[in-house]
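Overview (structure and organization)
The lines below spell out each chain.
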Amino acid sequence: MKKPLFTGVCTALVTPFLGDKINEPMFKVLLSRQIHAGVDAVAIAGTTGESPTLSDDEKLRLFRIAKDFVGDDMLVIAGTGSNNTKHAVSLSVEAEKIGADALLVVSPYYNKATPAGLIAHYTAIAKAVSIPIIVYNVPSRTGVDIPVSVYEELAKIPNIAGVKEASTDIGKILRIRAQCPESFCIWSGNDNLTVPILSLGGMGIISVASNLLPEQMNLMTFAALDGDFDTAAAVQCDLLPWTDFLGCEVNPIPIKAAMAHYGLDCGHCRLPLTPLSPANHKLLEQLSS
C-alpha cells in the first residue's frame, strides 16, 4: 500500500480579510498557529476559505504565501475545484507550479454531473498534474453525492489520493472501505464525525474546528489513529458544543466569529455571506464563558 498523503489533522484554513483585501499578516499568524500546534496540513481556499468569492489571482497568492511560509513544516493543499473542468485544470496546473503539495478538488456544483461526467472531470485534472488530488464530496453544497462506484474508478488513477467525505453517511464510509482499495484514503469532512470515520479506517480529518482548537483536534484524531478510542470519544464529546456551534449558520460564518471572539480578527465573510446573527453571538458568549 502506498503511503497516505497525510494522517491526522488538516486545517481547512479561513481566509482573513481586512476590508476588501486579504489580510496577509493575519494569514501568516494563522499559519504559524497551525505549525506550532503540530497540525499535519492546511487546505487553502476551500469552503472554509471562502473559495467562491476569491479570484484566481487571490487563490494563487494565498497558495504561494502559504508554501513560502510553512516550507516543509506541513503540507499545503490547494483548493482548485470548479464546476468548469477547463478552469479547474488551469488552476490546478498553476497551483502545482507554485509548489502546492496536493490539491483539494470539490465535485462540480450546480451542473449536477453524471457519474460518467464526474469520472471524466477528475481524470482530466489528474492527467494535467503530477501532485496528489483529494476528491471533495460535500453534497449539501454541490447538489450531488458522489457514488462509491465513481470512487472505485478514480482509485485506479495513481495521483488520486482519496476523498474528503462530507456526506454525513456513515454507511457510505463502510461501502468505500469495502469496494475501494486501501490506497484510496478517506478523510472526514465533518468535525463531529471524526472518531466514527477513523474507527472505520479513515486517515484523519480536514477540519473547520482546528482553526480555533488545533491542539484538541490533534489529541482526538491521533488518539483514534493509535486505537485509544476511549480518549478519542471523550474528546469528541467534549468538543460537541463547539462543533454544534460551528454548524449554527453556514460555514465559515461561525468559525470567523469565534476566532474574532478569541482575539484572531479575520474580518467578516465576503458577501453573500453575512456576519453572525445577534442570537448566535449570545450562544458564542455562553459557550466561551
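Structure's up top.
In this text, all values refer to a predicted model and were calculated from it rather than measured experimentally. (Residues numbered from 1 in each chain as written. Predicted model: local features only at pLDDT ≥ 70, side-chain atom pairs only at ≥ 80, totals over all residues. Heavy atoms only, no water.)

**A few points about helix α2 (residues 56–70)**
For α2, which comprises 15 residues, the first-to-last C-alpha distance of 21 Å matches the rise-based estimate of 21 Å (1.5 Å per residue) to within 8%. Within the sequence span of α2, burial applies to Glu58, Lys59, Leu60, Leu62, Phe63, Ile65, Ala66, Lys67 and Val70. In this structure, the buried residues of α2 make contact with β3 (21–22), α1 (24–37), β4 (41–44), β5 (75–79) and α3 (85–98). The first or second residue beyond α2 is glycine 71, which carries a positive phi of 55 degrees. (Helix = DSSP H or I, 4+ residues; strand = E, 2+ residues; numbered from the N terminus. Expected span 1.5 Å × (residues − 1). Buried < 20%, exposed > 50% of the residue type's maximum accessible area, 1.4 Å probe, protein only. Contact = heavy atoms within 4.5 Å.)

**So, the packing of aromatic side chains**
Per the stated rule, a full pass over the model turns up four aromatic pairs. Consider the rings of phenylalanine 6 and tryptophan 187, whose centres lie 5.0 Å apart with planes at 15 degrees: the pair is stacked. Of this pair, phenylalanine 6 sits in the segment before β1 (8–12) while tryptophan 187 is found in strand β9 (residues 185–188), placing the two residues 181 residues apart along the sequence. The exposure classification of phenylalanine 6 matches that of tryptophan 187, with both residues buried. Ring geometry for tyrosine 151 versus phenylalanine 184: centroids 5.5 Å apart, planes at 35 degrees, classification tilted. In this pair, tyrosine 151 is assigned in helix α6 (residues 148–154) and phenylalanine 184 in the loop between α7 (170–179) and β9, connecting sequence segments 33 residues apart. By the burial criterion, tyrosine 151 is buried, and phenylalanine 184 matches it. A connected cluster of aromatic rings, assembled from ring pairs, spans Trp242, Phe245 and Tyr262. Over the ring of tyrosine 136 we find lysine 164, and its NZ or CZ is 4.1 Å from the ring centre. (Phe/Tyr/Trp six-rings, centres within 6.5 Å; stacked < 30°, edge-to-face > 60°. Lys NZ or Arg CZ within 6 Å of the ring centre and 35° of its normal.)

**Things to note about the pairing of β9**
A two-sided burial pattern is seen for β9, the buried positions comprising Cys185 and Trp187 on one face and Ile186 and Ser188 on the other. Note that strand β8 (residues 160–165) and β9 share four bridges and pair parallel. Bridging across to β9, glutamate 165 finds its partner in serine 188. Considered for its hand, the β-α-β crossover made up of β8, α7 and β9 is right-handed. Crossover β9 to strand β10 (residues 204–207) through helix α8 (residues 194–199) is right-handed. (Pairing = 2+ DSSP bridges. Right-handed = clockwise from strand over helix to strand, strands pointing away.)

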